[in-house]
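What the coordinates show
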Amino acid sequence: MSTDHGRVINFGAGPSALPLSVLEETQKGLLNFAGTGIGIAEISHRSKEFQAFLTEFEHNIRTQLDVPPTHRILFTQGGGTAQFSAVVLNLLARYRLLRPQATAADTVLDYVVTGSWSKKAAEEARRLSGGTATVRTVVDARVYSKDGKSFDNIPPHAEFAFSEDPALIYYCENETVDGVEFSHDPQSPASFPFHLLKQDALVPLVADYSSSFMCRPIPRLADHAVIYAGAQKNIGPAGLTVLIVREDCIVDVDAATKLGAAPVPLILSYKTLADSGSLYNTPSVLAIYMAGLVVKRMKEQGGVPYYEEVNRRKAKKLYAAIHEGEQKGVFRRKVQQGSESWMNAVFEVLGEGAEKRFLDGAEKEGMKGLKGHRSVGGIRVSLYNAVTEEDVDKVIAYMTQFMADHAGETA
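Worth saying up front: this structure is predicted, and the values here are computed from it rather than measured. (Residues numbered from 1 in each chain as written. Predicted model: local features only at pLDDT ≥ 70, side-chain atom pairs only at ≥ 80, totals over all residues. Heavy atoms only, no water.)

**Quick word on the overall build of the protein chain**
In terms of regular secondary structure, the protein chain is built from 10 helices and 14 strands. Relative to the compact-globule value of 22 Å for 411 residues, the protein chain shows a C-alpha radius of gyration of 22 Å, a close match. Along the three orthogonal principal directions, the C-alpha set of the protein chain runs to about 70 × 60 × 30 Å. Buried positions account for 57% of the 411 residues belonging to the protein chain. Considering only intrachain contacts with a sequence separation of at least 6, the fraction spanning at least 24 residues in the protein chain is 70%. Total accessible area computed for the protein chain in this model is approximately 17600 Å², and 52% of it derives from carbon and sulfur atoms. One way to put it: in the protein chain the 44 positive side-chain charges average out to a point 2 Å from where the 49 negative ones average out. (Helix = DSSP H or I, 4+ residues; strand = E, 2+ residues; numbered from the N terminus. Rg over C-alpha atoms; globule rule 2.2 N^0.38 Å. Buried < 20%, exposed > 50% of the residue type's maximum accessible area, 1.4 Å probe, protein only. Contact = heavy atoms within 4.5 Å. Areas by Shrake-Rupley, 256 points an atom, 1.4 Å probe, with all protein chains shown as cover. Lys, Arg positive; Asp, Glu negative; His and termini not counted. Charge placed at Lys NZ, Arg CZ, Asp CG, Glu CD.)

This is the structure:
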């Protein structure tokens, strides 16, 4: 039976909380995986037991997210940062095969910039495509921010202007650092403007879902060319990246190189991963095992729809507490209403030394990982799947007490 093992509540943004039952099951697997007498960290990735586990893992993702047969599910390493490069190289190769006569001026990469990670993705695209393609900013959320320089919003649909024939269109669904997320309500002005994309076409739409993967269904999943996610937020430890790639984006990168595309390292080629069943080289066996256990547990609990409802409740009650703190002059929200992230709620604690008092007090109450990203500061409460409603209720109770103790101090 589970005990608390002296654990605290981990609100960290990643690597993040994992279910205790999964950690305990992993302990067993470290000693004896699938009855083999060999630990999961020692087992051959080509053993029939591990390959059967990998197949089940893929199936559980496919069924819970309703991934269509037009898309492959692949497993790799390098996190979202490696995919900043991989999506550029693979989709430029695809574009070259489709349009072998295209010039650098013809070849456009569209980037929707709504936070720190999409900004970095666009910067990497510029670095890789210099002289061979144009990286274009579809919209930059800072223009629409309260101070003209922060990422605090999803811009209005009317401000999105996609290119006529881009090689890729990139967006980051949830910005972990800035606490900004596209709404999943298609009627919301903060939803992704799918209606502005070309209809009845294989649009090269790329989405970074690293910090919101499997927290709720993915809107218009079938309309995406590539979806990628680092596992270390919602479904596992660091070391695993999950890809959902449409078949037409799994291309012969060497054939594209002969036509003038940039060479693609084999380990970044989607075709290499697909042809090898994600086993071209030794994968992150332990990370796959733990993520597989998490996704299996999710299925047993009701799958992604269950987590969507739980995550909706968690976010709603936490943002209500932040709003109450604003009314009392203790907290200040950092994201404009309607653009807030379900996974990473960010706010400031007002007053000289107040942030440190808040963090110190939370730690005394057994809550860690609440400090905001070093680039933006403030408080960040990450509400990933393994963070329970009880955990959220505890941080809200602490926030409420903090408000009572400090209301009026900044007046």
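Past the structure itself, the notes keep going.
**Here we look at the pattern of salt bridges**
Enumeration over the complete set of coordinates arrives at 26 salt bridges. The closest approach of N and O atoms between D165 and R99, which form a salt bridge, is 2.8 Å. Of the two residues, D165 sits in the loop between β4 (134-140) and β5 (168-172) while R99 sits in the loop between α3 (79-98) and β3 (108-113), which places them 66 residues apart along the sequence. R313 is paired through a salt bridge with E389; the nearest N and O atoms lie 2.7 Å apart. (Salt bridge = Lys/Arg side-chain N within 4 Å of Asp/Glu carboxyl O.)

**Side note on the sheet that holds strand β11 (residues 331-333)**
The strands making up a sheet associate through hydrogen bonds between their backbones, and the pairing can be parallel or antiparallel. One open sheet holds the 3 strands; their spatial order is β11-β12-β14, and the pairing between them is antiparallel. A single partner strand is all that each edge strand has here, and the edge strands are β11 and β14 (379-382). Within this sheet the neighbouring strands show an average axis-to-axis angle of 35 degrees, counted without direction. Sheet topology note: the strand β12 (residues 344-349)/β14 ladder contains 4 bridges and is antiparallel. Directly across from N344, in β14, lies its bridge partner S382. Each of β11, β12 and β14 touches helix α9 (residues 354-364); the most contacted strand, β12, lies at about 130 degrees to it. (Pairing = 2+ DSSP bridges. Axes fitted to C-alpha atoms, helices over the stretch in contact; angles between N-to-C directions.)

**Digging into α3**
Helix length check: α3 (20 residues) gives 28 Å between terminal C-alpha atoms against 28 Å at 1.5 Å per residue, within 8%. The sharpest bend along α3 comes to roughly 25 degrees, located at S85. Counting buried residues along α3, 17 of its 20 residues qualify, which places the element largely inside the surrounding structure. (Expected span 1.5 Å × (residues − 1). Bend = angle between axes of the 7 residues up to and from the residue.)

**So, the sheet that holds strand β2 (residues 71-76)**
Strand order in the open sheet formed by 7 strands is β2-β10-β9-β8-β5-β3-β4, and the pairing between neighbours is mixed. Since the sheet does not close on itself, it has two edges, and those belong to β2 and β4, each with one partner. Across the sheet, the axes of successive neighbouring strands diverge by a mean angle of 20 degrees, strand direction being ignored. Across 6 bridges, the pairing between β3 and β4 is parallel. If you follow V108 over to β4, its bridge partner there is T134. Taken strand by strand, α3 contacts β2, β3, β5, β8 (205-208), β9 (226-230) and β10 (241-246), and its axis lies near 165 degrees from that of β9.

**Digging into the nonpolar core**
Core analysis: the largest hydrophobic core is formed by 58 residues, its most contacted members being I61, L65, F213 and I235. Sort the elements by how many residues they give to this core and helix α7 (residues 285-301) lands first, with 10 residues. Contact partners of L65, with chain neighbours within four places excluded, come to F213, M214, R216, I218, L221, I244 and V304. Core analysis: the next-biggest nonpolar cluster, separate from the first, contains 42 residues, L74, C249, I250 and A256 among them. (Core = buried A, V, L, I, M, F, W, Y, C linked by side-chain atoms within 4.5 Å.)

**Some words on the packing of helix α1 (residues 20-31) against α7**
Two elements in contact, α1 and α7, have axes separated by 10 Å at closest approach and are oriented at 135 degrees. Here α1 is positioned oblique relative to α7, judged by the angle of their axes. Relative to α7, the crossing made by α1 is right-handed. Along its contact with α1, which presents S21, V22, L23, E25, T26, G29 and L30, the element α7 presents L286, Y289, M290, L293, V294 and R297. Residue composition of the contact of α1 with α7, grouped by class: 8 nonpolar, 3 polar and 2 charged. (Parallel < 35°, antiparallel > 145°, perpendicular 65-115°, else oblique. Left-handed = near helix turned anticlockwise from the far one by under 90°. Nonpolar A, V, L, I, M, F, W, Y, C, P; charged D, E, K, R; others polar.)

**Quick word on unusual backbone geometry**
In this structure, P15 follows G14 across a cis peptide bond, with omega equal to -5 degrees. With respect to the element layout, P15 can be found in the loop between β1 (9-10) and α1. The backbone of M214 shows a phi angle near 65 degrees, a positive value even though the residue is not glycine. As for its position among the elements, M214 is in the loop between β8 and β9.

**Some details on the pairing of β5**
Across the 5 residues that make up β5, a large majority, 5, are buried. Neither face of β5 is exposed, since L168, Y170 and C172 on one face and I169 and Y171 on the opposite face are all buried. Relative to β5, β3 runs parallel, the two sharing 3 bridges. Each bridged residue has a counterpart across the sheet, and for D110 the counterpart in β5 is I169. Where β5 and β8 come together, 4 bridges link them in parallel fashion. Bridge pairing in β8 places C172 opposite D208.

**Considering helix α8 (residues 303-327)**
Within an α-helix, residues lying three or four positions from one another point in the same direction, as the helix has 3.6 residues per turn. Helix length check: α8 (25 residues) gives 37 Å between terminal C-alpha atoms against 36 Å at 1.5 Å per residue, within 8%. In the segment just after α8, G329 is the residue with positive phi, at about 75 degrees.

By themselves, these are just geometric observations and shouldn't be taken as functional.
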